[in-house]
Amino acid sequence: MQDNAVNAVDMKARVGAVRYLNTKPLVHGLGQADTPFTLSFDYPSHLADQLALGLLDVALIPSIEYFLGDNYRIITDACIGCLGPVWSVKIFFRVPPQQVQTLALDEGSRTSAAMAKILLAERLGVRPRLQALPLGSDMRDCEADAILLIGDRAIHPPAIDAVEVWDLGETWVEWTGLPFVFAMWVARPGIPTESIAQHLMQARNSGLASLQEIAQREAPNYQLTTSECFQYFHDNLHFTLGPQEKAALTRFYDYAVGLDLAPSGRTPIYDDCEIAR
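Since the model is a prediction, treat every value here as computed from it, not as a measurement.

A. Up close: the sheet that holds strand S4 (residues 73-82). Spatially, S2-S1-S3-S10-S4-S11 is the arrangement adopted by the six strands of the open sheet, whose pairing is mixed. Each edge of the sheet is formed by a strand with only one pairing partner; in this case those strands are strand S2 (37-42) and strand S11 (238-240). Strand-to-strand twist in this sheet, taken as the mean axis angle between neighbours without regard to direction, amounts to 25°. Sheet analysis places strand S3 (residues 58-62) next to strand S10 (residues 180-187), joined by five bridges and oriented antiparallel. Within S10, the position partnered with Ala 59 by the bridge is Val 186.

Laid out in structure tokens, this is it:
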């Protein structure tokens, strides 16, 4: 019996979720005994690498990584997006944006890095030299003209001497008139996902119905008040991939192709799991 139990665990699909605060409503209640997969947490860029290497079967990966993948499928209408200011993705400018020559990129997410490059190039004609900003590094030691921060350290940035700050969600929405999609649940080819997708959508729906509870539980872990945390979930983030979000993904992809950030000729593949309902 014990061997059978071990084999059952080994056969479960491997699902990876983002470790940031913005994921909490998406994974609410997951990890119960009836969940048909094992769930692990990591940084967005690490999840993308693990999915590409076959170490995960499904992952919440940066949207730019979807277009770099090999026949990946978007399996649910649950996502991490925004309809305006997102609060947790920012560029801090030490010089006016038009004068930026060096940009330090947070290594946690590749979509935000691509988005920053697109906004600077397409809006201002600025293509700065890029520097890596390693996870856990002290941003005050970075001498770049501008610094991209994402996730929890964008919410609580150090005292950076900035002349201007862009919230990239707000900047994108004002510029394009479209939402922005930072990450989606994506599967490798050949992975059966119907049951996984249903659990992920149910978790998202449960999370949206429990934002106050989640905010109260998580706020102390992120040095936020319950009110700030609830506002972040309710006002800054958007968790449903609908027609406008799909149009935004296409627009983002077109810009990425134009800057050689993604290969041309890719068409999003959406599983028929109530997406855009």
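B. Structural context of the domain arrangement of the chain. Taken domain by domain, the chain consists of domain 1 (13-82 + 180-259) and domain 2 (89-176). Here the C-alpha centroids of domain 1 and domain 2 sit 22 Å apart. Counting from both sides, the interface comprises 26 residues of domain 1 and, opposite them, 25 residues of domain 2. Across the domain 1/domain 2 interface, buried area totals approximately 2100 Å², and carbon plus sulfur atoms make up 69% of it.

C. Region of the structure containing the packing of aromatic side chains. The full count for this structure, using the stated rule, is 13 aromatic pairs. Ring geometry for Trp 172 versus Trp 175: centroids 6.0 Å apart, planes at 80°, classification edge-to-face. Linking Trp 172 with Trp 175, this pair stays in helix H6 (residues 168-176), spanning three residues, or about one helical turn. Overall, Trp 172 belongs to the buried group, its relative accessible area being 0%.

D. How the structure looks around the nonpolar core. Val 58, Ile 91, Leu 148, Leu 168, Trp 172, Trp 185 and Phe 233 are the most contacted members of the largest nonpolar core, which totals 86 residues. Each of domain 1 (13-82 + 180-259) and domain 2 (89-176) gives at least three residues to this core. Not counting chain neighbours up to four residues away, the residues in contact with Phe 233 comprise Leu 21, Lys 24, Pro 25, Leu 211, Ile 214, Ala 215 and Phe 239. Of all hydrophobic cores here, the second largest spans nine residues; its members include Ala 104, Leu 133, Ala 144 and Ile 147.

Thresholds, definitions, all that
Residues numbered from 1 in each chain as written. Predicted model: local features only at pLDDT ≥ 70, side-chain atom pairs only at ≥ 80, totals over all residues. Heavy atoms only, no water. Pairing = 2+ DSSP bridges. Helix = DSSP H or I, 4+ residues; strand = E, 2+ residues; numbered from the N terminus. Axes fitted to C-alpha atoms, helices over the stretch in contact; angles between N-to-C directions. Domains from an automatic or database assignment. Contact = heavy atoms within 4.5 Å. Buried area = accessible area lost by both parts, 1.4 Å probe. Phe/Tyr/Trp six-rings, centres within 6.5 Å; stacked < 30°, edge-to-face > 60°. Buried < 20%, exposed > 50% of the residue type's maximum accessible area, 1.4 Å probe, protein only. Core = buried A, V, L, I, M, F, W, Y, C linked by side-chain atoms within 4.5 Å.

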